[in-house]
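# Notes for the structure review
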Amino acid sequence: MTPARPETAMPTETGAPAAHKDMANAIRFLAADGVQQANSGHPGMPMGMADVATVLFTRYLKFDPSAPRWEDRDRFVLSAGHGSMLLYALLYLTGYEGMTLEELKNFRQLGSRTAGHPEYGHAPGIETTTGPLGQGIGNAVGMALAERLLNARFGDGTVDHYTYVLASDGCLMEGISHEAISLAGHYGLSKLIMLWDDNHISIDGSTDLSVSDDQLARFRACGWDVEAVDGHDAQAVAAAMETARASARPSLIGCRTTIGYGAPGKAGTAATHGAPLGLEEIAGAREKLGWPHAPFVVPDAVLSAWREVGDRGAAARAAWEARVEAMEPAPRAEFRRMMAGTLPAGWQAALDAHKRRLADEPPEWATRKASGEALEVLTNAIPEMIGGSADLTGSNNTRTKCTEPITGTNFSGRYMHYGVREHTMAAAMNGMALHGGLIPYGGTFLIFTDYMRPAIRLCALMKQRVIFVLTHDSIGLGEDGPTHQPVETLAALRAIPNLNVLRPADAVETAECWAIALGQDAAPSAMVLTRQAVAPLRTRYTEENLCARGAYVLAEAEGGERKVTLLASGSEVAVALDARQTLQGDDGIPTAVVSMPCWELFDAQDKTYREHVLGRPGAVRVGVEAAVSLGWGRYLGTDGAFVGMTGFGASAPGGALFEHFGITAENVVTAARARL
């Protein structure tokens with residue numbers, strides 16, 4: 001752990017001290033100059049929080065720019081992602097490779113590392129993608145949780161670090177903030193410290209236009225330690241940091257700041273929030289703050305002081321590496337494997353044996369039940385899998401025999417009770433995945449992805465291996481009615497790039513879809529599962545994962561060239577097979593059935609394979625899915641038919657609803673015959 005440093009000036013190589021104010025001003029003016037050059041951006045927050053950031057980075061944050069993925073580094077999350085130039089300036093000043101002065105000058109330009117909001121993977125030192133306000137708070141909760149879970153397994157000598165999150169007034173207005181701080185307080189995540197930029201300004205103007213919450217009281221009520229300080233008083237910020245780091249609870253430090261600090265005519269106003277200051281205003285700020293240097297120029301003494309801050313972490317990292325090297329071989333190898341994201345040996349064999357059992361004794365399970373049975377195998381074979389549910393454990397079937405609950409006093413468990421906090425569940429799982437070492441999965445009803453969508457979208461953007469277990473996937477859920485029946489949700493999820501939406505048709509396909517999800521280390525997966533039981537369709541064992549190509553011919557046409565192709569996913573594959581029985585068996589029409597568990601994977605296949613699965617041009621194609629038709633056109637063509645939903649569902653038993661809305665084998669047959 002990096003010790004606190006109480007000094008207010010950093011010695012340089014020449015021996016002349018670089019004062020705190022000069023180090024903070026370097027951040028301020030790099031930010032202001034970058035925004036001005038781009039003619040776009042948010043200079044106010046970096047200028048206002050520069051003092052707080054300087055205290056954090058020079059005195060407390062444990063990091064090493066020469067090893068930016070050091071597993072035991074502290075995590076710094078900029079939830080207020082609009083102030084990205086604060087982070088970019090810090091990365092440049094402390095010496096992160098790739099964050100050059102040229103990158104700062106190319107702020108918000110095509111191909112630069114310095115995007116308008118921080119984007120994970122663009123540059124070392126960016127821990128998560130932020131911008132949508134509040135998401136970073138949820139991510140930070142997940143990171144802090146991951147730290148505690150791994151600490152419980154490997155001990156203080158291997159895992160012992162803090163998570164710091166810088167949040168804005170806007171972050172705390174977003175609903176996700178309340179879910180996240182409530183969850184963190186309940187679990188007592190003591191190594192989570194939030195730095196709130198309490199500047200009283202939003203884009204529309206003063207925050208008193210729209211909010212009058214007592215934020216300090218809110219955090220106290222959620223079980224946090226709370227302190228309010230002058231964010232421009234370095235000693236006060238440092239004293240609050242000392243208290244927070246010693247606390248047994250998560251901590252909020254409310255930093256009262258002036259947005260656009262130093263700007264002579266605009267400081268403290270919304271004019272500094274989301275627009276360049278203007279050359280005249282920046283010149284006035286330079287004069288007022290005693291920074292006579294040209295744009296993007298940082299004096300050697302100041303830059304040297306910042307680079308020494310960056311260099312200081314190497315000793316702590318070397319000591320940590322020595323401790324890891326001294327571990328017993330087995331736990332050391334396990335720690336390194338988990339942090340590398342490599343799955344353990346034997347998991348595929350265990351799942352394959354499970355798949356063979358399903359083929360030998362085909363069960364008539366709901367796919368949510370099939371998912372739970374697959375998880376029994378997988379969580380036993382893959383110890384880094386961390387499960388959870390948003391208060392629907394029994395419905396989602398996400399808890400297994402080997403995943404004991406995590407509590408605020410025992411982090412050795414592997415199952416999170418997230419409560420009715422779907423949004424934070426998703427954001428926290430993103431944070432766990434970003435932290436490394438764990439594979440999070442969490443369940444809720446498919447319809448409630450509407451609460452989770454911002455976090456799911458960012459997960460896909462960041463290419464993280466997170467698995468969203470989404471049950472009760474159609475009108476088949478029955479009596480809960482149209483409020484809970486997700487007719488449009490599949491289309492909405494399929495619209496998100498880099499998200500694999502997996503909708504298996506039976507227990508075997510469910511096992512195969514779990515194998516797909518775990519094997520995707522650069523994409524999240526949505527496991528879409530039924531409430532109702534489904535008939536077993538795959539009753540012959542195949543070593544090959546047939547779902548891995550997204551779609552496959554489940555039943556080929558017989559008696560000649562294919563004339564009809566029926567395409568379906570999930571529970572409707574059985575409907576298509578029943579329709580084939582009539583078309584093929586009774587009418588003698590060569591008919592194939594294609595199971596399409598994952599459109600995204602199918603679209604990635606080569607043209608030859610796609611054409612083989614879909615059938616020859618000119619043959620009839622009928623799509624069947626208990627959802628709206630949006631997206632099906634690219635597979636069915638202009639002459640194809642779709643049997644599914646055209647509006648909201650209703651409250652009744654699931655079987656009656658399929659009849660009522662016409663999602664039946666008879667209607668599929670009618671649609672096919674009409675096009676022959």
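Since the model is a prediction, treat every value here as computed from it, not as a measurement.

What follows deals with the overall build of the chain. Looking only at helices and strands, one finds 25 helices and 20 strands in the chain. In summary, the chain has a C-alpha radius of gyration of 28 Å against a globular reference of 26 Å for 676 residues, a match within 12%. Overall size of the chain, expressed as C-alpha extent along the three principal axes, is 90 × 55 × 45 Å. Expressed as a percentage of the 676 residues in the chain, the buried residues total 61%. Accessible area of the chain: about 24,200 Å², with a carbon and sulfur share of 50%. Averaging the coordinates of the 58 positive side-chain charges in the chain and doing the same for the 77 negative ones gives two points 3 Å apart.

Further remarks concern the pattern of salt bridges. It is possible for side chains of opposite charge to pair when their charged atoms get near one another. All chains considered together, the criterion is met by 30 salt bridges. In this structure, Arg-562 engages Glu-556 in a salt bridge whose closest nitrogen and oxygen atoms are separated by 3.1 Å.

Here the largest pocket defines a volume of roughly 380 Å³. Only α12 (329-340), α16 (422-435) and β12 (439-445) provide two or more residues apiece to the lining of the largest pocket. Looking at side-chain class alone, the lining of the largest pocket contains 9 nonpolar, 6 polar and 8 charged residues.

Attention shifts here to the confidence of the model for the chain. Looking at the chain, the pLDDT average stands at 96 and 97% of residues meet or exceed 70. Low pLDDT (under 50) marks residues 1-16, which in the prediction has 44 contacts with non-local residues, meaning those over four places away or in another chain.

The description of two helices packed together rests on the angle between their axes and the distance between the axes. Contact pair helix α5 (residues 135-154) / helix α7 (residues 175-187): the axes reach a minimum separation of 8 Å and the direction vectors enclose 20°. Considered as vectors, α5 and α7 are oriented roughly parallel to each other. Judged by the sense of rotation from one axis to the other, the crossing of α5 with α7 is left-handed. Of the residues in α7, those in contact with Gln-135, Ile-137, Gly-138 and Val-141 of α5 are Ile-176, Ser-177, Ala-180, Leu-183 and Ala-184.

Membership of the largest hydrophobic core comes to 73 residues, with the highest contact counts inside it found for Leu-189, Leu-192, Met-194, Trp-224, Met-432, Phe-468 and Leu-493. The leading source of residues in this core is α5, at 10 residues.

Here 6 strands make up an open sheet; going across it, the order is β11-β10-β12-β13-β15-β14 and the pairing parallel. Strands at the two margins of the open sheet, each flanked by one partner only, are β11 (415-417) and β14 (500-502). The sheet shows a mean angle of 20° between the axes of neighbouring strands, taken without regard to direction. Where β14 lies against strand β15 (residues 525-528), 3 bridges are found, and the strand directions are parallel. Directly across from Val-501, in β15, lies its bridge partner Ala-526. Most of the contacts of helix α14 (residues 367-381) go to strand β10 (residues 385-389), to which it runs at about 150°, and overall it touches β10, β12 and β13 (467-471). Sitting on the sheet, helix α17 (residues 449-462) is in contact with β12 and β13, with an inclination near 155° to β13.

Now for the pairing of strand β19 (residues 620-625). Buried residues dominate β19, accounting for 6 of its 6 residues. On β19, burial covers both faces: Val-620, Val-622 and Val-624 on one face and Arg-621, Gly-623 and Glu-625 on the other are all buried. Pairing of β19 with strand β20 (residues 641-644), which is carried by 4 bridges, proceeds in the parallel orientation. The residue bridging Glu-625 from the neighbouring strand is Gly-644, located in β20.

Attention now goes to unusual backbone geometry. In terms of backbone geometry, most residues other than glycine have negative phi values and most peptide bonds are trans. Of note in this structure, His-200 is not a glycine but carries a positive phi near 65°. Tracing the backbone through its elements, the reader meets His-200 in the loop between β5 (192-198) and β6 (201-202). Residue classification places His-200 among the partly exposed residues on the basis of a relative accessible area of 34%. Although it is not a glycine, Asp-391 sits at a positive phi angle of roughly 70°. With respect to the element layout, Asp-391 can be found in the loop between β10 and α15 (393-396).

Turning our eyes to something else, we now look at α5. Look at α5: 29 Å from first C-alpha to last across 20 residues, which is about the 28 Å you get at 1.5 Å a residue. With 18 of its 20 residues buried, α5 lies for the most part within the structure. At the C-terminal side of α5, Gly-155 shows a positive phi close to 90°.

Ordered in space as β3-β4-β5-β9-β8, the 5 strands form an open sheet in which the pairing is parallel. For this open sheet the edge positions go to β3 (75-78) and β8 (225-230), each flanked by a neighbour on one side alone. If you compare each strand with its neighbour and ignore which way they point, the axes differ by 20° on average. Here β5 runs beside strand β9 (residues 251-256); their pairing, made up of 6 bridges, is parallel. Across the sheet, the residue bridging to Met-194 is Leu-252, located in β9.

This part takes up empty space enclosed by the protein. Counted under the stated rule, the structure contains 3 cavities of 30 Å³ or more. Space inside the largest cavity adds up to approximately 120 Å³. What lines the largest cavity is a set of 14 residues, and nearest its centre among them are Phe-63, Asp-74, Tyr-96, Gly-125 and Glu-127. When its residues are assigned to classes, the lining of the largest cavity shows 9 nonpolar, 1 polar and 4 charged.

Moving on, we get to helix α11 (residues 300-325). An ideal rise of 1.5 Å per residue puts 38 Å on 26 residues; α11 measures up with 38 Å between its terminal C-alpha atoms. Looking only at α11, the buried set comprises Val-302, Leu-303, Ser-304, Ala-305, Trp-306, Val-309, Gly-310, Arg-312, Gly-313, Arg-317, Trp-320 and Val-324.

A separate point is the packing of helix α1 (residues 20-38) against helix α3 (residues 84-94). Contact geometry of α1 with α3 gives a least axis separation of 9 Å together with a crossing angle of 120°. Taken together, the axes of α1 and α3 lie oblique to each other. The chirality of how α1 crosses α3 is right-handed. Seen from α1, the contacting residues are Ala-26, Ile-27, Leu-30, Ala-31, Gly-34 and Val-35; seen from α3, they are Met-85, Leu-86, Ala-89, Leu-90, Tyr-92 and Leu-93. Across the contact of α1 with α3, the residue classes tally to 11 nonpolar, 1 polar and no charged.

The next subject is the side chain of Glu-509. Tracing the backbone shows Glu-509 in helix α19 (residues 507-519). For Glu-509, the side chain forms a polar contact with the main-chain nitrogen of Ala-505, separated by 2.7 Å. Those residues in contact with Glu-509 that lie beyond four places of it in its chain are Arg-503, Pro-504, Arg-538, Cys-547, Tyr-552, Ser-595 and Pro-597.

Within the secondary structure, Ala-428 sits in helix α16. Note on Ala-428: relative accessible area 1%, which makes it buried. Sequence separation between Ala-428 and Ala-140 is 288 residues; the distance between their C-alpha atoms is 7.2 Å. With residues up to four places along the chain from it excluded, the contact list for Ala-428 reads Gly-138, Gly-142 and Tyr-418.

Thresholds, definitions, all that
Once a new chain begins, its residue numbering starts again from 1 and follows that chain's sequence as written. Totals for whole chains, interfaces and linings use every residue, but because this is a predicted model, local features are given only for residues with pLDDT of at least 70 and side-chain atom pairs only at 80 or more, for both listing and counting. Side-chain metrics in this entry use all non-hydrogen atoms of the structure; hydrogen atoms and water are not considered. Helix and strand definitions follow DSSP, with helices as H or I runs of at least four residues and strands as E runs of at least two, each counted in order from the N terminus. In this description the radius of gyration comes from C-alpha coordinates, and the expected globular size is given by 2.2 Å times residues to the power 0.38. Exposed residues in this analysis have more than 50% of their type's maximum accessible area, buried residues have under 20%, and partly exposed residues fall in between, with area computed by a 1.4 Å probe over protein chains only. Surface exposure here means Shrake-Rupley accessible area, sampled with a 1.4 Å probe, where a residue is shielded only by the protein chains that are shown. His is not counted, nor are the chain ends, whereas Lys and Arg count as positive and Asp and Glu as negative. A single reference atom marks each charge: NZ on Lys, CZ on Arg, CG on Asp, CD on Glu. Note on definitions: salt bridges are taken to be side-chain nitrogens of Lys or Arg within 4 Å of carboxyl oxygens of Asp or Glu. Buriedness of a pocket was judged along seven lines, with at least five required to meet protein on both sides within 12 Å; pockets are open sets of points on a 1 Å grid over the protein atoms alone, cavities are sets where a 1.4 Å probe fits but cannot get out, and lining residues have an atom within 4 Å of a point. Grid points are joined across faces, edges and corners, and a volume is the space filled by probe spheres set on the points. All residues other than Ala, Val, Leu, Ile, Met, Phe, Trp, Tyr, Cys, Pro, Asp, Glu, Lys and Arg, Gly among them, are scored as polar; the first ten of these are nonpolar and the last four charged. Confidence of the predictor at the level of single residues is given by pLDDT, which spans 0 to 100. Only heavy atoms enter the contact rule, under which two residues are in contact if any of them lie within 4.5 Å. Where helices are involved, their axes are fitted lines through C-alpha atoms of the stretch in contact, as for all axes, and angles between N-to-C directions lie from 0 to 180°. Oblique is the label for any angle not under 35 degrees, not over 145, and not in the 65 to 115 range, which are roughly parallel, roughly antiparallel and roughly perpendicular in turn. Here a crossing is taken to be left-handed if its near helix is turned anticlockwise relative to the far helix by less than a right angle, and right-handed if that turn runs clockwise. Buried Ala, Val, Leu, Ile, Met, Phe, Trp, Tyr and Cys residues form a nonpolar core when they are joined through side-chain atoms within 4.5 Å. Each pair of strands is called paired provided DSSP finds at least two bridges between the two strands. Take the residue count of a helix, subtract one, and multiply by 1.5 Å to get its expected span. Within 3.5 Å is the distance limit for a polar contact, defined as a pair of N or O atoms, with the added protein rule that one can donate a hydrogen and the other accept it, and that residues adjacent in sequence qualify only through two side-chain atoms.

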